[in-house]
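# Summary of the model geometry
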Amino acid sequence: MTTETDLIRNIALVGHQGNGKTTLAEAMLYRAGVVTRPGRVESGNTVLDTQPEEHDRTQSLALGLASFSWGDYRINLLDPPGYADFVGDATTALRVADVAVFVIDGVSGLQVNDELLWQAAGERSIPRILFVNKMDKERASFDAVLSGIRDHFGSGVEPVDLPVGEASAFTGVADLLTEHVILYDTGSANTSDELPADIADREHEQHEHLVEDVVEIEDDLLSKYLDGEDISVAELEHALRAGFAGGSLWPVLCGSAVDAIAVDRLLDFVCRIAPAPSEAPGIEVDGDGVTTVTCDPTGDPLAYVFKTQTDEYVGQVALVKILSGTVHADDVLVNQRTGAKERLHNLLRVLGSKHTAIDTAEAGDIVGAIKLTDVATGDTLAPIGAALTVPAIEHRRPVYGIAVAAESAGDEDKLATALAELVSDDPTLEVSRDSETHQTVVRGAGDVHVQVALTRLKRRYGITLQTEPVKIAYRETLLGPVETEGRHKKQSGGHGQFGVATVRFEPLPRDEGYDFVDETRGGVIPKSLIPAVGKGIAESMGRGGRHGFPLVDLRATVLDGKHHSVDSDDFSFRMAGALALRAAIDKVGTLVLEPVDHVEVTVPATLQGDVMADLGRRRGQIEGTEPAGDGEITVIASVPTSEITDYPVALRSMTHGRGRLALEFKCYQERPEPR
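The present account deals with the structure reproduced in this document. (Residues numbered from 1 in each chain as written. Predicted model: local features only at pLDDT ≥ 70, side-chain atom pairs only at ≥ 80, totals over all residues. Heavy atoms only, no water.)

## Overview of the overall build of the protein chain
Counted only if it meets this: Think of it this way: any DSSP run of H or I at least four residues long counts as a helix, any run of E at least two long counts as a strand, and we number them from the N terminus. Buried means the residue's accessible area, taken with a 1.4 Å probe over protein chains only, is under 20% of the maximum for its type, while exposed means over 50%, and partly exposed covers the values in between. Contact between two residues is taken to exist if any of their heavy atoms lie within 4.5 Å; hydrogens are not considered. The convention is simple: Lys and Arg are positive, Asp and Glu are negative, and His and the chain ends are not counted. Throughout, a charge is located at the NZ atom of Lys, the CZ atom of Arg, the CG atom of Asp or the CD atom of Glu.
Along its length, the protein chain carries 15 helices and 36 strands. Referenced to the eigenvectors of the C-alpha coordinate spread, the extents of the protein chain come out at roughly 110 × 60 × 50 Å. Residues counted as buried form 51% of the 675 residues belonging to the protein chain. Residue pairs at least 24 apart in sequence account for 71% of intrachain contacts in the protein chain once pairs closer than 6 positions are excluded. Between the mean site of the 62 positive side-chain charges and the mean site of the 107 negative ones, the protein chain shows a separation of 12 Å.

## Focus on the state of the cysteines
Counted only if it meets this: When two cysteine sulfur atoms lie within 2.5 Å, the pair is treated as a disulfide.
Counted under the stated rule, the structure contains zero disulfides. Free cysteine: Cys271, not disulfide-bonded; nearest cysteine sulfur from Cys295 at 16 Å.

## Section: the packing of helix α1 (residues 21-31) against helix α9 (residues 263-273)
Filter applied, for reference: Angles shown run from 0 to 180 degrees and are taken between the N-to-C directions of axes, each axis being a line fitted to C-alpha atoms and, for helices, limited to the stretch in contact. By definition in this entry, angles of less than 35 degrees are roughly parallel, angles greater than 145 are roughly antiparallel, angles of 65 to 115 are roughly perpendicular, and the rest are oblique. Three residue categories are used. Nonpolar comprises Ala, Val, Leu, Ile, Met, Phe, Trp, Tyr, Cys and Pro, charged comprises Asp, Glu, Lys and Arg, and polar comprises the others, including Gly.
At a closest axis distance of 9 Å, the pairing of α1 and α9 adopts a crossing angle of 85°. When the axis of α1 is compared with that of α9, the two are roughly perpendicular. Along the contact surface, α1 presents Leu24, Ala27, Met28 and Arg31, while α9 presents Val263, Asp264, Leu266 and Leu267. Residue composition of the contact of α1 with α9, by class: six nonpolar, no polar and two charged.

## Regarding the packing of aromatic side chains
How we decide: Two rings from Phe, Tyr or Trp (for Trp, the six-membered ring) form a pair when their centres sit within 6.5 Å of each other. Planes less than 30 degrees apart are called stacked, planes more than 60 degrees apart edge-to-face, and all others tilted.
Enumeration over the complete set of coordinates arrives at six aromatic pairs. A ring pair is formed by Tyr83 and Phe86, whose centres lie 6.3 Å apart and whose planes are at 50°; its orientation type is tilted. In this structure, Tyr83 and Phe86 share a single accessibility class: buried. Taken together through their ring pairs, the aromatic side chains of Phe102, Trp118, Phe153 and Trp250 make up a single cluster.

## Concerning the sheet that holds strand β10 (residues 190-192)
Paired through their backbone hydrogen bonds, the strands of a sheet run either parallel or antiparallel. The line we're drawing: Whether two strands pair depends on DSSP finding at least two bridges between them.
Overall, antiparallel pairing links the four strands, which are arranged β7-β8-β9-β10 in an open sheet. At either margin of the open sheet sits one strand with a lone partner, and together these are β7 (161-164) and β10. Averaged over all neighbouring strand pairs, the angle between strand axes comes to 25°, with direction disregarded. As judged from the four bridges shared by strand β8 (residues 172-175) and strand β9 (residues 180-183), these two strands associate in the antiparallel manner. Counterpart to Gly172 in the pairing with β9 is Leu183. Sitting on the sheet, helix α6 (residues 197-215) is in contact with β7 and β8, with an inclination near 170° to β7.

## Some points on helix α13 (residues 570-588)
An α-helical turn contains 3.6 residues, so any two residues separated by three or four positions project in the same direction. Which entries qualify depends on this criterion: Helix span is expected to be 1.5 Å times the residue number reduced by one.
The end-to-end C-alpha distance of α13 is 28 Å, a good match for the 27 Å that 19 residues give at a rise of 1.5 Å each. Along α13, the positions that sit buried rather than exposed are Ser572, Phe573, Ala576, Gly577, Ala578, Ala580, Leu581, Ala584 and Ile585. Turning to α13, the residues buried within the fold contact β28 (475-478), β29 (482-490), β30 (497-507), α12 (530-543), β32 (554-562) and β33 (590-604). Of the residues one or two after α13, Gly589 is the one with positive phi, at around 80°.

## A word on the packing of α6 against helix α7 (residues 219-226)
At a closest axis distance of 8 Å, the pairing of α6 and α7 adopts a crossing angle of 135°. On the basis of their axis angle, the class for α6 and α7 is oblique. Touching Glu208, Val211, Glu212 and Val215 of α6 are Leu221, Leu222 and Tyr225, all from α7. Across the contact of α6 with α7, the residue classes break down as five nonpolar, no polar and two charged.

## A word on the pattern of salt bridges
Our working definition: Salt bridges are counted wherever a side-chain nitrogen of Lys or Arg sits within 4 Å of a carboxyl oxygen of Asp or Glu.
Tallied over the full model, the rule gives 35 salt bridges. Measuring nitrogen to oxygen at the nearest pair gives 2.3 Å for the salt bridge that ties Arg652 to Asp85. Of the two residues, Arg652 is situated in helix α15 (residues 647-655) and Asp85 in the loop between β3 (73-79) and α3 (87-96); the sequence distance between them amounts to 567 residues. On the basis of relative accessible area, Asp85 is assigned to the buried category, the value being 3%.

## Observations regarding the pairing of β7
Regular strands place their side chains on alternate faces of the sheet. Side chains of β7 alternate between two faces, with Asp161 and Pro163 and Leu162 and Val164 buried alike. For β7 and β8, the ladder comprises four bridges, and the chain directions are antiparallel. Bridge pairing in β8 links Val164 to Gly172.

## Things to note about the sheet that holds β29
Read across the sheet, four strands follow the order β29-β30-β32-β31 without closing on themselves; strand pairing throughout is mixed. In the strand order of this sheet, the two ends are held by β29 and β31 (514-518), each with one partner. Averaged over all pairs of adjacent strands, the angle between strand axes in this sheet comes to 25°, irrespective of strand direction. Pairing between β30 and β32: eight bridges, direction antiparallel. When the bridges of β32 are listed, Val503 appears paired with Val558. Here α13 sits on the sheet and contacts β29, β30 and β32; the angle it forms with β29, its principal contact strand, is near 140°.

## Topic: the side chain of Asp175
Rules: What qualifies as a polar contact is a pair of N or O atoms within 3.5 Å, subject to a donor-acceptor requirement within protein and to the restriction that residues adjacent in sequence count only when both atoms come from side chains.
Position of Asp175 relative to the elements: it lies in strand β8. By relative accessible area, Asp175 is classed as buried at 6%. Separated by 2.8 Å, the side chain of Asp175 and the backbone nitrogen of Leu177 make a polar contact. When sequence neighbours within four positions are dropped, the list of residues in contact with Asp175 reads Val160, Asp161, His180, Glu203 and Arg265.

In structure tokens form, the structure reads like this:
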């Protein structure tokens, strides 16, 4: 019995920026009758680019969802941005989808993000289809692009289409499975079994190659082929489907999104060949140990919030994939992060920014939900009493930061709330408050990612922001050991203030912190007042040394002192400790320490030398290299933080987008004196 789950196809459109993913999505919606006219990215009127920032930049900047019908099937189309800074949304789409359609530029061929996302899809073992787009453009070449794809992705790449004409002469495709031709001379598809004379010989040759490759997938079919028996289209398609699901074969189709040529063919092919959610491997969830949950509409309900978006009219919209069971409007599930019950007041069918209320959603479906109390991206919604949590998507830590502040004091509280909501929607962003530099820092994957986030924040919350570069949290320590006296005496009539402390100061090894020792004898300072000396020193360390940076890695040993039975108090000895430290700084001076980051840069092996030379110019210490697979290598180094504030942008330029960067604070070390 066929269920709704069996007829769902969750498709992620992925690929390099500018390959035409959003235009292809528009063409799909047009062919499906959802829109009467395809929108254009340049005109800012596409279904999936819904935010003003996307219209201003004429590029996709956030994951879009369009759910629509195609015959008997339900298509949930995920359209993430192609720009490298927004790879987090592409990773999310690959986690949620059951098939990835890689949109390849028919002129430029395979590009950087195509390769990186292919690797990400391979890590998840998600079935992949390649759609060579822009076959109507000048200099488009299906053969050249196919050759490049095979060079990078191997022999499993299998064309199932041939273009009929190229550039301005592109009018349709020849189906290598059926040996039919589908022409679009009048705008709609006309199918014929009569191949154009100029491609007939080549089509027959490619058909034979396809048959030879496909029959090897199933032993029975291979035996039948070797015995000279005819192989039916249905048998070929069955084997093709098995190879596709098993990850040994990746079909290649072609068309034009702008003219909607072969877009219906792509949709038909995906519905026939791609696995339904119920056919995908079960997902491992954390509970009492690790449990595998299968996509079964009769199972217990389990839902995963893979994205939250803020809509100016309805508030927060949670995009949810139903992993198991059947969910009804007004069902109550438990948020496993907060432990709170969430009533699903409204389930929505999502089409860009348009929402249609629905009553139920079966396992495998992707829907929206609004009016939830406290839900964030990555949350799991499970039945009451079921402790099941879907593992979070692992994103690379953000590496590019900008410091922000509200221009007006009245907006400071609003800014904190706005930043929290921003991170809730996009967990690839990170917001932190640096207690040393007193800056609020927003970090993202790159400069464009952060700038877009701040533009969105200004628009959505009406906050005027001030931005500045992230300050480096330098520190100081004493240059050597020294013994000083701190004397605080104040007499202005009545109760006075008196405290004297003799203190030996010694620098400690890096990251040892602050150590306070009492070696006084004979009660020269009352035991109850000794801690005040240490507190005064600690407070003075925080106020900074000769250069204004906090002092660290210091041992202070109080050796001697004097007190007065009436005038000595806690404040007096805090002042004595502080004055002793100031005297020590004046006597021996301080050394400036700078933060150093542990840096890992992954690049193609051919770029290893360029990266190492550049890190060397940034005062980096190369610690080694490690193979990273797929012809890549990871360069490991320690680099002063001040030298790599702009490195994410520089690395992208130097490696043409092929470099990946991981940063983590390592230690403090002596900063060289400026020349």
